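Residue strings, one per chain:
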Amino acid sequence: MSIADNLKTVRTRIKAAARKGGRDAGDVTIVAVTKTVAPERIREAVASGVTCLGENRVQEAHDKIAAVGRDAQWDLIGHLQTNKASLAATLFDRVHSVDSERVAWALDRAARKEGRRLPVLLQVNLSGEESKFGVEAGATLDLLRSVANLEHLAVEGLMTIPPYFEDPEKTRSFYRRLRELRDEAAALALPGVAMTHLSMGMSHDYPVAVEEGATLVRIGTAIFGQRA
Ligand SMILES: *Cc1c(COP(=O)(O)O)cnc(C)c1O
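Residues numbered from 1 in each chain as written. Predicted model: local features only at pLDDT ≥ 70, side-chain atom pairs only at ≥ 80, totals over all residues. Heavy atoms only, no water.

Draft legend 1. Spotlight on the overall build of the protein. From N to C terminus, the protein includes 9 helices and 9 strands. C-alpha extents for the protein along the principal axes are approximately 45 × 40 × 30 Å. Per-residue burial over the protein gives 50% buried out of 228 residues. A sequence separation of at least 24 residues applies to 58% of the contacts in the protein between residues at least 6 apart. Here the protein has roughly 10,500 Å² of accessible surface; of this, 48% comes from carbon and sulfur atoms. Looking at charge distribution, the protein has the averaged site of its 31 positive side-chain charges lying 2 Å from that of its 30 negative ones. (Helix = DSSP H or I, 4+ residues; strand = E, 2+ residues; numbered from the N terminus. Buried < 20%, exposed > 50% of the residue type's maximum accessible area, 1.4 Å probe, protein only. Contact = heavy atoms within 4.5 Å. Areas by Shrake-Rupley, 256 points an atom, 1.4 Å probe, with all protein chains shown as cover. Lys, Arg positive; Asp, Glu negative; His and termini not counted. Charge placed at Lys NZ, Arg CZ, Asp CG, Glu CD.)

See the structure below:
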């Protein structure tokens, strides 16, 4: 299957899931995840209508953006270390993975130097798995209040990576919980904070995530095929 064919399938399934969830498919953006994918294949995805690309490593993105260009926006979806914050603030259009005050401060400082306000999402660890990054659910609103005070970051929503289940239906409770947490966060009505985005859903479970309210689905293998 070509990348264009894969995208067609993904879009069809997003439409069906949106309908099932009583949502508008136009509110769902595909973030095509480009880790390990060669520049010419990334360009092929952009030529097929992808408007947002997701990378999980800062250094890898640096080289890829130079090769692919900026016809689509670039989002950082992987864990960010504070020593990479400066580079991240110059490269990315949005960061999905802010999970501590330390990272937020470092990004804010870097964004100030760049003279920009950087859109960010807070990454939430809903499973309590120690191997996963993300702020605990119970600490999310406190982190939000503190990040909301940073002038050079614009909080746009929440992101999560649930545990892997063979059966995608088992991820539903995590996606529902993230939506509820987003609603609680939106109810705080913090100035400068727009809780519009839910970054959730990957290749094996994005229809469930869309049914539960995802606005950004991070999809790699279902678009580009198995990673080498
Ligand atoms: C790799 C990755 C994805 C995409 O995974 P697929 O299963 O290939 O769709 C999504 N989100 C993050 C954070 C990733 O690292």
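So that's the structure; there's more coming.
Draft legend 2. Looking closely at the site of the ligand. Val33, Lys35, Asn56, Ile77, Ile161, Met202, Ser203, Arg218, Ile219, Gly220, Thr221 and Arg227 make up every residue found near the ligand. The separation between an oxygen atom of the ligand and a polar side-chain atom of Lys35 is 2.6 Å. Here an oxygen atom of the ligand sits 2.5 Å away from a polar atom, N or O, in the side chain of Ser203. Burial of the ligand by the protein amounts to 90% of the accessible area it has alone, namely 390 Å². Judged by the fraction of its atoms near the pocket grid, the ligand is located in the largest pocket. Its residues assigned to classes, the shell around the ligand comprises 5 nonpolar, 4 polar and 3 charged. (Near = heavy atom within 4 Å. Polar contact = N/O pair within 3.5 Å; in protein donor to acceptor, adjacent residues only side chain to side chain. 1 Å grid on protein atoms, 1.4 Å probe; cavity = no way out; pocket = protein on both sides within 12 Å on 5 of 7 lines; lining within 4 Å. Sits in = over half its atoms within 2 Å of the grid points. Nonpolar A, V, L, I, M, F, W, Y, C, P; charged D, E, K, R; others polar.)

Draft legend 3. The pairing of strand 3 (residues 73-76), seen in detail. Looking at chain direction, strand 2 (residues 52-55) and strand 3 are connected through 4 bridges and run parallel. By the bridge assignment for strand 3, Glu55 is matched with Leu76. One crossover worth recording links strand 2 to the parallel strand 3 by way of helix 3 (residues 58-68), and it is right-handed. Relative to strand 4 (residues 94-98), strand 3 is paired through 2 bridges, and the arrangement is parallel. Counterpart to Asp75 in the pairing with strand 4 is Arg94. Taken together, strand 3, helix 4 (residues 85-91) and strand 4 constitute a β-α-β crossover, and its handedness is right-handed. (Pairing = 2+ DSSP bridges. Right-handed = clockwise from strand over helix to strand, strands pointing away.)

Draft legend 4. Here's a closer look at helix 2 (residues 39-47). Buried within helix 2 are the following residues: Ile42, Ala45 and Val46. Down the axis of helix 2, the sector holding all buried residues measures 100 degrees, keeping them to one side. Every exposed residue of helix 2 that faces more than 90 degrees away from the buried side is listed here: Glu40 and Ala47. A positive phi of about 105 degrees marks Gly49, the residue just after helix 2. (Arc of directions from axis to C-beta.)

Draft legend 5. Just the pattern of salt bridges, in detail. As enumerated under the stated definition, the model contains 17 salt bridges in all. In this structure, Lys64 engages Glu55 in a salt bridge whose closest nitrogen and oxygen atoms are separated by 2.6 Å. An identical accessibility class is assigned to Lys64 and Glu55; each is buried. Via salt bridges that share partners, Lys20, Glu169, Arg172, Arg176, Arg179, Glu211 and Glu212 belong to a single interconnected network. (Salt bridge = Lys/Arg side-chain N within 4 Å of Asp/Glu carboxyl O.)

Draft legend 6. Quick look at the layout of surface pockets. Size it by volume and the largest pocket reaches roughly 630 Å³. Elements with a contribution of two residues or more to the lining of the largest pocket: helix 3 and strand 9 (216-219). Each pocket or cavity is described by its volume, and for the second largest pocket that value is around 160 Å³. What lines the second largest pocket is simply Arg11, Ile14, Lys15, Ala25, Val28, Thr29, Ile30, Gly49, Val50 and Thr51. When residues of the lining of the second largest pocket are assigned to their parent elements, the largest contribution, 3 residues, is made by helix 1 (residues 3-20). Its residues assigned to classes, the lining of the second largest pocket comprises 5 nonpolar, 3 polar and 2 charged. (Points joined across faces, edges and corners; volume = space filled by probe spheres on them.)

Keep in mind these values describe shape, not function.
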